[in-house]
Amino acid sequence: SKVTGKGRITHYDAELNNAREHQLRIENDIRDGLLRNEFDVWYQPIVDARSLATIGVEALVRWPRRPAGALPPDQFIGIAETSGLIYALGQFVLRRACQDLLPLSDLKLSVNISPAQFRDPEFENKVAGVITGSGFPAHRLQLEVTETYVLENPERARAAITNLKGLGTAVALDDFGTGYSSIGYLRRFNFDTIKIDKSLAGLIDTDEQAAALVGGTIRIASALGMAVTAEGIENEKQMKLLRLAGCDQLQGYWFSEPMPIEDLRSLRQQHG
Ligand code: C2E
Ligand code: CA
Ligand code: CA
Ligand code: CA
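Reading guide: rules and limits
Residues numbered from 1 in each chain as written. Chains lettered and ligands numbered in written order. Predicted model: local features only at pLDDT ≥ 70, side-chain atom pairs only at ≥ 80, totals over all residues. Heavy atoms only, no water. Helix = DSSP H or I, 4+ residues; strand = E, 2+ residues; numbered from the N terminus. Buried < 20%, exposed > 50% of the residue type's maximum accessible area, 1.4 Å probe, protein only. Contact = heavy atoms within 4.5 Å. Polar contact = N/O pair within 3.5 Å; in protein donor to acceptor, adjacent residues only side chain to side chain. Near = heavy atom within 4 Å. Areas by Shrake-Rupley, 256 points an atom, 1.4 Å probe, with all protein chains shown as cover. Nonpolar A, V, L, I, M, F, W, Y, C, P; charged D, E, K, R; others polar.

- Named according to an unreviewed UniProt entry, the protein chain is Bifunctional diguanylate cyclase/phosphodiesterase originating from Siccibacter turicensis.

Digging into the environment of Asp48
Link 1 in the chain: Inspection of the secondary structure puts Asp48 in strand β1 (residues 40–48).
Link 2 in the chain: Since its relative accessible area comes to 19%, Asp48 is described here as buried.
Link 3 in the chain: Leaving out residues up to four positions away in the same chain, Asp48 has contacts with Ala53, Ile55 and Asp248.
Link 4 in the chain: Within polar-contact distance, the side chain of Asp48 engages the backbone nitrogen of Arg50 at 3.0 Å.

Some thoughts on the site of ligand 1
Link 1 in the chain: The environment of ligand 1 is made up of 21 residues, and the closest members are Gln44, Arg62, Lys198, Glu234 and Tyr253.
Link 2 in the chain: Here a nitrogen atom of ligand 1 sits 3.0 Å away from a polar atom, N or O, in the side chain of Gln44.
Link 3 in the chain: At 3.3 Å, a side-chain N or O of Glu58 approaches an oxygen atom of ligand 1.
Link 4 in the chain: Within the complex, the protein chains bury 86% of what would otherwise be the 800 Å² of accessible surface of ligand 1.
Link 5 in the chain: Going through the elements one at a time, β2 (54–62) and β5 (170–176) are the ones with two or more residues in the shell around ligand 1.
Link 6 in the chain: Of the residues assigned to the shell around ligand 1, the class counts are eight nonpolar, five polar and eight charged.

So, in C-alpha cells, the structure goes:
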C-alpha cells in the first residue's frame, strides 16, 4: 500500500488542526458578534391545533454575520456551548425576545435553553432577572430544554424545573423522539409541554411506525397532564393527521417560517 502509517497520522493531524482552527475562528467571531450586536432573534408561529389560531412563537437566534456570510444556529450553538459564550448569547436571546414580545400580549413566547445554561446554578435567578427587568409576564414564557441535560443530571433538572415553575414560567421538553427519550422517564419530570421533533412528527404521513409512536406519545403525555406540540409540519396531510391524533399545538413551514419581529408585528396588526 502506498498510504503509510505516518501519512495517515499527518493527514489526521491536519484535519484535527483545521477543525480546531475553524472552532477558534467561529468562537472569536461569536465574541465579536456579541460585542457588535450582530445577532438577531426571529420568531416562528405556534398554532392551536383546534382553532389554528396563532397562540405563541418560538424564538430562534439568527446570525447574518456580515460580510462572512450567515451561519445557521446548528453550526454555532455547539461552539458557543463549548466556549462558554452561550451564557451571554442565551441571555441576549432571552432578553431580546421578552422585549420584542412584550407588546404582543396575546402571544406566548418559547425560548430555547442550551444544556450548559440549564446547568448554571444561577440560571433561574438570571431568568427571574430578565422577567423583572423586561416586565414580561412569567406566565407567557416557556423555556425549551433538551433531554441531554435532563438525563445527565436528573436531580438538578428536577430542581430547576420546580424553581422555574415557581416563577410562573412553563418548561417544555424539546426534540422528543430524537435521542433516548423514552416515554417512561416523562413521568419523572414535571414538563408542561412535550415538543415532538420534526424528524418524528414529519413522518406521520408516510411512516406507520412513526405515526404509531406519535399517537402513543400524545396519549401518554395527555395522561400525564402535559400538552404536546408537533414541529416541522410541512403539508396539509401532516396537519390533519396530527389534529386527528389529538395534538395540542402545531408548528412548521406549512403555517409559517420563522420571521423577524417587524413581520410578526405587521401580521398581528393585519389580523386585528
Ligand atoms: P429546534 O429547537 O428544534 O428548532 C426548530 C428548528 O426547525 C428551527 O431551525 C426551525 O427554523 C426549523 N423548522 C421549523 N419548521 C420547520 C419545518 O416545517 N421544516 C423544517 N425542515 N424545519 C423547520 P433553526 O432556526 O435553524 O434552529 C436549529 C436549532 O438550533 C434549534 O432546533 C435549536 O436546537 C437551536 N437553536 C436555535 N435558536 C437557539 C437559541 O436561541 N438558543 C439555543 N440554545 N439553541 C437555539
Ligand atoms: Ca426548540
Ligand atoms: Ca427540534
Ligand atoms: Ca433542538
